[in-house]
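Read off the chains here:
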Amino acid sequence: MDERELRRSFWPDALKGGIGIGLIWVICSLVALQIAPGLGRSLVSLLAFLFLGYFLFYFTRQRSSNYGSLGFSYGQGIGFIFAMMLFAGIIVFAGEFLAVNFVAPDHYEELGLAALENNSKYDPDSPEGEMMELIVGSPIFWGMVAAMRVVFLGGLIGLFTSSFVKRQPDIFADENI
């Protein structure tokens, strides 16, 4: 592939990776919701984390191999992973939105109330308390939290993954002379 084709394929490749990562994350999240809290849910969360790391490495390594003798820098890896995670965040947002509305609304209501009760500034009788209840009860809030969580976690894993997929350019290749 030449550089122009590589630039054109950046967003489609990031979209493919992001959709795959996002769907795996949503499936693991839905499975975790169906399991009682404890060891089983922790194992599903660990499995989701491992899947995230593996697929970040897989898709970024695949992208890196397309560069051939041009090389693939650490920064290019980080940029590609960030783009993938933005798409994954959109998928996770949609999955979490559906989970809050249809799959486990009672779970999220309990989670929100527990979070509010642990907040020292929460007063249910004040206007601020009512606003906090409104925000925590919103499916958009939970979707944004889940999307930010997966983008942040993917970015952290991406810091390490990019160092393993970077490739030095072949200075003796005909296209680099």
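Scroll up for the structure.
Per chain, residues are indexed from 1 in the order of the written sequence. In keeping with the predicted nature of the model, local features appear solely for residues at pLDDT of at least 70, side-chain atom pairs appear and are counted solely at 80 or more, and the whole-chain, interface and lining totals rest on all residues. Values reported for side chains reflect all heavy atoms of the structure, with hydrogen atoms and water molecules removed beforehand.

(A) Representation of the overall build of the protein. To qualify as a helix, a DSSP run of H or I must reach at least 4 residues; to qualify as a strand, a run of E must reach at least 2; elements of each kind are numbered from the N terminus. Each helix and strand in the protein was counted, giving seven helices and zero strands. Going residue by residue from the N terminus, the α and β elements of the protein occur as α-α-α-α-α-α-α. For the radius of gyration, the atom set is restricted to C-alpha positions; the globular benchmark scales as 2.2 Å times the number of residues to the power 0.38. The C-alpha atoms of the protein give a radius of gyration of 20 Å, which is well past the 16 Å a tight globule of 177 residues would have. Expressed along its principal axes, the backbone C-alpha trace of the protein runs to roughly 75 × 35 × 25 Å. Each residue is placed in one exposure class: buried if its accessible area under a 1.4 Å probe, protein chains only, is under 20% of its type's maximum, exposed if it is over 50%, and partly exposed if it falls in between. Buried positions account for 36% of the 177 residues belonging to the protein. Counting only contacts in the protein whose residues sit at least 6 apart along the sequence, the fraction spanning at least 24 positions is 79%. For the protein, the accessible surface area stands at approximately 10700 Å², while carbon and sulfur atoms represent 67% of it. Only heavy atoms enter the contact rule, under which two residues are in contact if any of them lie within 4.5 Å. We get accessible surface area from the Shrake-Rupley algorithm with a probe of 1.4 Å; when it comes to residues, only the shown protein chains can shield them.

(B) Representation of the packing of aromatic side chains. Put simply, two rings from Phe, Tyr or Trp (the six-membered ring, in Trp's case) pair if the centres are within 6.5 Å, and we call them stacked under 30 degrees between planes, edge-to-face over 60, tilted for the rest. On inspection of all chains with the given rule, the structure shows 11 aromatic pairs. When the centroid spacing of 6.0 Å and the interplanar angle of 85 degrees are considered together, the rings of Trp11 and Phe87 count as edge-to-face. With a gap of 76 residues between them, Trp11 in helix α2 (residues 10-34) and Phe87 in helix α4 (residues 74-103) connect regions that are remote in the sequence. Feature note: the residues Phe51, Tyr54, Phe55, Tyr58 and Phe59 constitute an aromatic cluster, connected by ring pairs.

(C) Fine view of the nonpolar core. Counting residues in each nonpolar core, the largest one holds 23 residues, and the members touching the most others are Ile21, Leu52, Leu56, Met84 and Met85. Contributing elements (two or more residues each) for this core: α2, α3 (39-66), α4 and α7 (139-165). Here Leu52 is in contact with Ile21, Trp25, Met85, Leu153, Gly154 and Ile157, once residues within four sequence places are set aside. Only buried Ala, Val, Leu, Ile, Met, Phe, Trp, Tyr and Cys residues count toward a nonpolar core, and they belong to the same one when joined by side-chain atoms within 4.5 Å. One finds Leu33, Tyr108, Leu116 and Trp142 within the second-largest nonpolar core, a separate group that totals eight residues.

(D) Representation of the pattern of salt bridges within the structure. Salt bridge criterion: a side-chain nitrogen from Lys or Arg within 4 Å of a carboxyl oxygen from Asp or Glu. Going through the model one piece at a time under the given rule, you end up with two salt bridges. Where Lys16 meets Asp13, a salt bridge forms, and the shortest distance between an N and an O atom there is 3.8 Å. Here Lys16 pairs with Asp13, and both are found in helix α2, just three residues apart, close to one helical turn. Overall, the relative accessible area of 56% leaves Lys16 in the exposed class.

(E) Examining the layout of surface pockets more closely. In this model, the largest pocket occupies a volume close to 390 Å³. Lining the largest pocket are 17 residues, with Ser29, Ala32, Ser45, Glu96 and Arg149 sitting closest to its centre. Elements with a minimum of two residues in the lining of the largest pocket: α2, α3, α5 (105-117) and α7. For the lining of the largest pocket, the element with the most residues is α2, which contributes five residues. Residue composition of the lining of the largest pocket, by class: 11 nonpolar, three polar and three charged. Using a grid of 1 Å spacing that covers the protein atoms alone, one calls a set of points a cavity when a 1.4 Å probe fits there but cannot get out, and a pocket when the set is open and has protein on both sides within 12 Å along at least five of seven lines; lining residues are those with an atom within 4 Å of a point. Grid points are joined across faces, edges and corners, and a volume is the space filled by probe spheres set on the points. Under the grouping applied here, Gly and all other residues not named as nonpolar or charged are polar, the nonpolar ones being Ala, Val, Leu, Ile, Met, Phe, Trp, Tyr, Cys and Pro and the charged ones Asp, Glu, Lys and Arg.

The quantities given are spatial measurements derived from coordinates; they are silent on function.
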